[in-house]
Amino acid sequence: MKRKVIFLAVVIALVISVTVLAACTASMEDFYAGLLTDAEKVNADLKAIMTETAKYDYTTSFDITHYYYNGATRGDESTPGWLDGEEGFTWMYEDAYLDIEKKGEVITTTATIYLPVNEDTYNNSDIAPVAYASAKGSVDGSGNLTVEWVKYGAADGDGAAADLEDMTYTVGGYDMGDLLTLWYDMLTAYSDISDSYSDITSATSGFKIYQDIAQVAYRYVYDLDGNEYDSWHDPEGDALTSLPKGSDIFSYGYDEDIAYNWNVISAMRQERVSITSTTKDRMKSFEFFAEDVMVYYDEISVINKDLTLYADVYANTDFVASIEIAE
């Protein structure tokens, strides 16, 4: 009889545990509804920060750095895609330095691009600049930027003039023209994020350590032709626990349990923006981070030389801008 009582107690405990676990696990609908609520709150905070900060003159200077592996391709079922350093492939760095001044409705940006180097020489302080340009733009009442190119040429500003279209150097996919409007473009993009709610993977905001912080993260997934899927998750796969063989559904599950079908994905990009501000919505810092994930064939192991698909980060781009507001 005693054994039966103990057994019954164990069964009751297990039932309670499972019930509690189920109650704590958000449903798919609850998860996406909560994510939308968080995104809307962050959007309101970002709007307030951008609107308030635009009232002031300020300066900021920062490096935007791109770190990437120069030997990564997808490969195929008979050819590895990620080649190792013994074959001359390595991690590389690209860097651009931006100096930005806002006075009234005018934003002036100076950009210097430095020579790409491999990781062995990245810490060399003598890395040569290769391109230089400066631009002044005026923001009208509708928030549109009209740009006047005021200086371009060699890295020190004294070289022969050259059209921006002839400057083929890029950093993280941004060419010289992009870099000269990068700051304005970032402010515009994050003053209202409502058009990109479907790309958001997390959104948080609130008071932390004597300052407010608004942070939003995005994910973009691309098919084998390089076209972006409508969202970072496939609604058709939300109810699945695994993929049927040969499925063209690119993901299944949701939240932290989402999984991807690499057979129909070529790449993924994840971005995160973190903006800190005073309690009066004056921006203190703007941090941008992006990582690029590619899908490639490689050996299963040292022993098993058969090729299979993997996904890994092959590049990242980031900058941290501290804002000096003129009192």
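One can find the structure itself at the top, above this paragraph.
J.: Explain the environment of Y297 to me, please; I cannot follow it from the model alone.
T.: Residue placement: Y297 occurs in strand β13 (residues 283-299). Under the relative-accessibility criterion, Y297 is labelled buried at 12%. Separated by 14 residues in sequence, Y297 and A311 place their C-alpha atoms 8.8 Å apart. Other than its neighbours up to four places away in sequence, Y297 contacts R74, G75, D76, E77, T79, P80, G81, W82, L307, T308 and L309.

J.: Would you mind going over the packing of aromatic side chains with me for this structure?
T.: Aromatic ring pairs are defined here through the distance separating the ring centres and the angle between the ring planes. All told, the structure shown has 22 aromatic pairs when counted by the stated rule. When the centroid spacing of 5.0 Å and the interplanar angle of 65° are considered together, the rings of F31 and Y32 count as edge-to-face. One exposure class covers both F31 and Y32, and it is buried. When the ring of Y218 is compared with that of Y220, the centres are 6.2 Å apart and the planes differ by 5°; the resulting orientation is stacked. Judged on exposure class, the residue Y218 and its partner Y220 are both buried. Three or more aromatic residues link up through ring pairs in this structure, and these residues are Y58, F62, W183, Y190, Y218, Y220, F286, F288 and F319. One residue, R219, lies across the ring of W232, its end atom 5.4 Å from the ring centre. For the cation-ring pair, R282 lies above Y56, with the distance from its terminal atom to the ring centre recorded as 4.4 Å.

J.: Any chance you could explain empty space enclosed by the protein here in plain terms?
T.: Any space left empty among the atoms is revealed by the rolling of a water-sized probe across them. Considering all chains together, one arrives at one cavity of 30 Å³ or more under this definition. One number sums up the size of the largest cavity: a volume of about 70 Å³. A total of five residues in the lining of the largest cavity trace back to one element, the largest contributor, which is helix α3 (residues 176-189). Residues that form the lining of the largest cavity fall into these classes: eight nonpolar, three polar and one charged.

J.: Looking at this structure, how should I read helix α2 (residues 28-53)?
T.: Because the α-helix completes a turn every 3.6 residues, residues three or four places apart line up on one side. When the terminal C-alpha atoms of α2 are compared, their 37 Å separation across 26 residues agrees well with the 38 Å that a helix rising 1.5 Å per residue should span. Residues F31, Y32, L35, A39, V42, N43, L46, I49, M50, E52 and T53 constitute the buried set of α2. Buried residues along α2 sit against β1 (58-69), α3, β8 (200-208), β9 (211-222), β12 (267-277) and β13.

Rules used throughout
- Residues numbered from 1 in each chain as written.
- Predicted model: local features only at pLDDT ≥ 70, side-chain atom pairs only at ≥ 80, totals over all residues.
- Heavy atoms only, no water.
- Helix = DSSP H or I, 4+ residues; strand = E, 2+ residues; numbered from the N terminus.
- Buried < 20%, exposed > 50% of the residue type's maximum accessible area, 1.4 Å probe, protein only.
- Contact = heavy atoms within 4.5 Å.
- Phe/Tyr/Trp six-rings, centres within 6.5 Å; stacked < 30°, edge-to-face > 60°.
- Lys NZ or Arg CZ within 6 Å of the ring centre and 35° of its normal.
- 1 Å grid on protein atoms, 1.4 Å probe; cavity = no way out; pocket = protein on both sides within 12 Å on 5 of 7 lines; lining within 4 Å.
- Points joined across faces, edges and corners; volume = space filled by probe spheres on them.
- Nonpolar A, V, L, I, M, F, W, Y, C, P; charged D, E, K, R; others polar.
- Expected span 1.5 Å × (residues − 1).

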